[in-house]
Amino acid sequence: MQFGIEVVPFGEYSDPRPVVELAQAAEDAGWDALWIWDHVVFPYGAGDPWITLAAVAASTQRIKLVTGVAPLPRYQPYLLARTLTALDRLSGGRVVFGTGAGADFDFVPFAVATDAKVRAAMLDEGLNLLAQLLSGAETTHHGAHYTADAVRIAPSPLQQPRIPVWIGGASPAALRRAAHWDGWIIGVFDEKQNVTTPPEQIAQQVDYIRRHRHVDAPSTWPSTAPRRTPTTTSSPASSPEAGATWWFEGIFGSRGDHAAMLRRIHAGPPK
């Protein structure tokens, strides 16, 4: 089991600077990763995950940097390949690309990819194209949504054959997609600390992923587990039995102020 912090970049944490402070505290206290959300439209304000992760990469040495989840249909794969490559090189090979199809509220207001089935198709096609681009090989692709004519993205990421891909979502389609890639990332608590995905449900979903996995590479199947607040004592102990290999603790403004979040992080992972 590895442990990370899940930063919700709303309100105060839409500014990269306090997130960098959280990340440095997490690295000092022995946490293994920082996962940050990727949304555009939120009433509290939403931070840019790429700028924030670049700042974190330049300010830390060890922790992994995770997008969770970045909706691939929002991005052109060739530009995303360039961004991921730069971030992977800046961080010394610490990037994990957490991605999914995205939700209506992030697309409908802009009249872009408003149909969920279209976004799912864009995600699958885009992921395959992205993997080719990240490999450094010359790539030609003519699909329903994307085109590339004999292009090569240079330089390549430090991580090869490519940056790990974790899939978000709980639908059967998302779980089958996770089985094809490197991992699964899912929230289990809401902003009020209510359980939304109990361990027994995680176990069923992980079993579903395993039954649909037909590649030789091992999967990490990362998922979140119960978050612990400064006033509770919930434990991730049940998560390994459920199939989780990661445990991320939610860090967000409604839990407490920045000082309280730093105290929680300084206390270290709940090992």
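Model, not experiment: these values are computed from the prediction.

Asker: I would appreciate a short explanation of the pairing of strand β6 (residues 139–142) in the present structure.
Answerer: Successive side chains on a regular strand alternate, one facing one side of the sheet and the next facing the other. Only one face of β6 is covered, namely the one carrying Thr139 and His141; the face carrying Thr140 and His142 has none of its residues buried. One ladder, built from 3 bridges, connects β6 with strand β7 (residues 147–151); its direction is antiparallel. Residue His141 lies in a different strand from β7, and its bridge partner there is Ala148. Between the antiparallel neighbours β6 and β7 lie 4 residues.

Asker: Would you explain helix α2 (residues 49–59) in this entry?
Answerer: The periodicity of an α-helix, 3.6 residues per turn, causes residues three or four places apart in sequence to face the same way. Buried within α2 we find Pro49, Trp50, Thr52, Leu53, Val56 and Ala57. Considered in projection along α2, the buried side chains sweep an arc of 160° and stay on one side of the axis. Opposite the packed face of α2, turned more than 90 degrees from it, sit the exposed residues Ile51 and Ala58. If you follow the buried residues of α2, they end up packed against α1 (16–29), β2 (33–36), β3 (64–67), β4 (70–71), α3 (77–91) and β5 (95–100).

Asker: What's the story with the packing of aromatic side chains in this structure? I'm lost.
Answerer: The geometry of an aromatic ring pair is captured by two quantities: the separation of the ring centres and the angle between the planes. Counted under the stated rule, the structure contains 6 aromatic pairs. Here Trp50 and Tyr75 contribute two aromatic rings whose centre-to-centre distance is 6.0 Å and whose plane-to-plane angle is 90°, an arrangement assigned as edge-to-face. Placement of the pair is Trp50 in helix α2 and Tyr75 in the loop between β4 and α3, with a sequence separation of 25 residues. You can call Tyr75 buried: its relative accessible area is 19%. Here the aromatic residues Trp35, Trp166, Trp246 and Phe248 are joined through ring pairs into a cluster of three or more. The residue whose ring lies beneath Arg119 is Phe107, and the NZ or CZ to ring-centre distance is 4.9 Å.

Asker: Explain the pattern of salt bridges here, please?
Answerer: Oppositely charged side chains can pair when the atoms bearing their charge come close. Following the criterion strictly, the structure yields 10 salt bridges and no others. With a shortest N-O distance of 2.6 Å, Asp15 and Arg17 are connected by a salt bridge. For Asp15, a relative accessible area of 24% puts it in the partly exposed group. Here Arg255 makes a salt bridge to Glu249, at a shortest N to O gap of 3.2 Å. Residue classification places Arg255 among the buried residues on the basis of a relative accessible area of 13%. Salt bridges linked by common partners bring Asp38, Arg74 and Asp106 together as one network.

Asker: Looking at this structure, how should I read the packing of α1 against α2?
Answerer: What describes two packed helices is the angle between their axes and the distance between those same axes. Look at α1 against α2: their axes get within 9 Å of each other, and the N-to-C directions meet at 40°. As far as their axial angle goes, α2 and α1 are oblique. Classified by chirality, the crossing of α2 by α1 is right-handed. In this structure, α1 contributes Pro16, Val19, Val20, Ala23 and Gln24 to the contact, and α2 contributes Ile51, Thr52, Ala55, Val56 and Ser59.

Asker: Where do I start with the nonpolar core in this structure?
Answerer: Soluble globular proteins tend to pack their nonpolar side chains together in the buried interior. Counting 64 residues, the largest nonpolar core has Ile5, Leu22, Leu34, Leu84 and Phe97 as the members making the most contacts within it. If you tally residues by element for this core, the top one is helix α4 (residues 116–134), at 8 residues. Once residues lying within four places of it in the same chain are set aside, the contact partners of Ile5 are Leu22, Ala26, Trp31, Ala33, Leu34, Trp35, Phe248, Glu249, Ile251 and Ile265. Ranked by size, the runner-up nonpolar core spans 8 residues in total, among them Val66, Trp166, Trp246 and Phe248.

Asker: So what exactly am I meant to see when it comes to the environment of Val66 here?
Answerer: Secondary-structure assignment places Val66 in strand β3. A sequence separation of 32 residues divides Val66 from Leu34, and the C-alpha atoms of the two residues are 6.0 Å apart. If we skip the residues at most four places from it in the chain, Val66 touches Ala33, Leu34, Trp35, Ile36, Leu53, Val96, Trp166 and Ile185.

Asker: Sorry if this is basic, but what is going on with the side chain of Arg119 here?
Answerer: Looking at where Arg119 falls in the secondary structure, it is placed in helix α4. Residue classification places Arg119 among the buried residues on the basis of a relative accessible area of 2%.

Asker: Can you walk me through a nonpolar patch on the surface in this structure?
Answerer: A surface patch of nonpolar side chains, about 310 Å² in accessible area, is lined by Val40, Val41, Phe110 and Val112. The residue Phe110 is located in the loop between β5 and α4 in this model. A residue is classified by how much of its surface remains accessible, and Phe110, at 45% relative accessible area, is partly exposed.

Asker: For this particular structure, what's the right way to read unusual backbone geometry?
Answerer: Excluding glycine, residues mostly have negative phi values, and the peptide bonds linking residues are mostly trans. Residue Val69 follows Gly68 across a cis peptide bond; omega there is -15°. With omega at 0°, the peptide bond leading from Ala154 into Pro155 counts as cis. Position of Pro155 relative to the elements: it lies in the loop between β7 and β8 (165–168). In the Ramachandran plot, Ala113 falls in the positive-phi region, its phi being about 45° despite a non-glycine side chain. Mapped onto the elements, Ala113 comes out in the loop between β5 and α4. Exposure remark for Ala113: the relative accessible area of 19% places this residue in the buried category. Its identity as a non-glycine residue notwithstanding, Ala150 has a phi of 50°, on the positive side. Along the polypeptide, Ala150 turns up in strand β7.

Cut-offs used in this document
Residues numbered from 1 in each chain as written. Predicted model: local features only at pLDDT ≥ 70, side-chain atom pairs only at ≥ 80, totals over all residues. Heavy atoms only, no water. Buried < 20%, exposed > 50% of the residue type's maximum accessible area, 1.4 Å probe, protein only. Helix = DSSP H or I, 4+ residues; strand = E, 2+ residues; numbered from the N terminus. Pairing = 2+ DSSP bridges. Arc of directions from axis to C-beta. Contact = heavy atoms within 4.5 Å. Phe/Tyr/Trp six-rings, centres within 6.5 Å; stacked < 30°, edge-to-face > 60°. Lys NZ or Arg CZ within 6 Å of the ring centre and 35° of its normal. Salt bridge = Lys/Arg side-chain N within 4 Å of Asp/Glu carboxyl O. Axes fitted to C-alpha atoms, helices over the stretch in contact; angles between N-to-C directions. Parallel < 35°, antiparallel > 145°, perpendicular 65-115°, else oblique. Left-handed = near helix turned anticlockwise from the far one by under 90°. Core = buried A, V, L, I, M, F, W, Y, C linked by side-chain atoms within 4.5 Å. Patch = residues over 30% accessible without salt bridge, like charges linked within 9 Å, V, L, I, M, F, W, Y side chains within 5 Å. Areas by Shrake-Rupley, 256 points an atom, 1.4 Å probe, with all protein chains shown as cover.

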